[in-house]
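Observations on the three-dimensional arrangement
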Amino acid sequence: MNRSIISTDKAPAAIGTYSQAVKAGNTVYISGQIPLDPETMEMVTESFEAQAVRVFENMKAITEASGGSFTDVVKLTILLSDMKYFPQVNEVMARYFNEPYPARAAFAVKALPKDADIEVESIMVIAE
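For the structure given in this document, a descriptive report is provided here. Going along each chain's sequence as written, the residues are numbered from 1 onward. Confidence filtering applies because this is a predicted model: local features only for residues at pLDDT of at least 70, side-chain atom pairs given and counted only at 80 or more, and all residues used for totals across whole chains, interfaces and linings. As a rule here, side-chain values cover all heavy atoms of the structure and leave hydrogens and water aside.

What follows deals with the pattern of salt bridges. The term salt bridge refers to a pairing of a side-chain nitrogen on Lys or Arg with a carboxyl oxygen on Asp or Glu at a separation within 4 Å. Tallied over the full model, the rule gives two salt bridges. Note that Glu 91 is salt-bridged to Arg 95, the shortest N-O span being 3.2 Å. In this pair, Glu 91 and Arg 95 both sit in helix H2 (residues 86-96), four residues apart, roughly one turn of the helix. A relative accessible area of 47% places Glu 91 in the partly exposed class. Categorising residues by exposure relies on relative accessible area from a 1.4 Å probe, with only protein chains included: less than 20% of the type maximum marks a residue as buried, more than 50% marks it as exposed, and the intermediate range marks it as partly exposed. For Arg 95, a relative accessible area of 43% gives the class partly exposed. Three or more residues are tied together by salt bridges with common partners; here these are Glu 49, Glu 91 and Arg 95. Secondary structure elements follow DSSP: runs of H or I no shorter than four residues count as helices, runs of E no shorter than two count as strands, and numbering proceeds from the N terminus.

Okay, here's the thing in structure tokens:
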């Protein structure tokens, strides 16, 4: 199997021992994205909506660096600091994805890196 590391300066650099994404065959595993501004590496904090938009913009940059787009995303995992954000994440996600939507799971967790309110990871399948 052909395996490669995906990296772009249009998304935040990894803040730990992981890659932005790993492509294995025609599947791309995109690491969890939090609302870090890739230029400043500072957290977006003005609102939950702004955090969610930043997360999906970061993910968009990685999907494009992988040679794909959001239409190639088959699975999302969304981690939230509180399920009260569930309706807002649906609203923001609808700006980035069209039907048929990818499979998805959403969980509330005790804490996220850098006290983010949202983290999203995804799996993408692209044509080779």
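We now examine H2. Those residues of H2 that sit buried are Val 89, Val 92, Met 93 and Tyr 96. Across the axial projection of H2, the buried residues extend over an arc of 105°, all falling on one side. Of the surrounding secondary structure, the elements contacted by the buried residues of H2 are helix H1 (48-65), strand E4 (73-80), strand E5 (103-108) and strand E6 (118-125). Taken from the helix axis, the directions to the C-beta atoms give the arc we talk about. Contacts are assigned to residue pairs that have any heavy atoms within 4.5 Å of one another.

Before going further, it helps to spend a moment on the environment of Thr 63. As for its position among the elements, Thr 63 is in helix H1. With 57 residues separating them along the chain, Thr 63 and Ile 6 place their C-alpha atoms 9.2 Å apart. Setting aside anything within four residues of it in sequence, one finds Thr 63 in contact with Ile 30, Gly 68, Ser 69, Phe 70, Val 73 and Met 124.

Ring pairs are drawn from Phe, Tyr and Trp, using the six-membered ring of Trp, whenever the two centres fall within 6.5 Å, and their geometry is named by plane angle: stacked under 30 degrees, edge-to-face over 60, tilted for the rest. Taken as a whole and judged by the stated rule, the model has five aromatic pairs. Ring geometry for Phe 56 versus Tyr 96: centroids 5.4 Å apart, planes at 25°, classification stacked. Pair noted here: Phe 56 is in helix H1 and Tyr 96 is in helix H2, with a separation of 40 residues, a long-range link. Tyr 96 carries the same exposure label as Phe 56, and that label is buried. Each residue in the set Phe 56, Phe 70, Tyr 96 and Phe 97 is aromatic and connected to the rest through ring pairs, giving one cluster.

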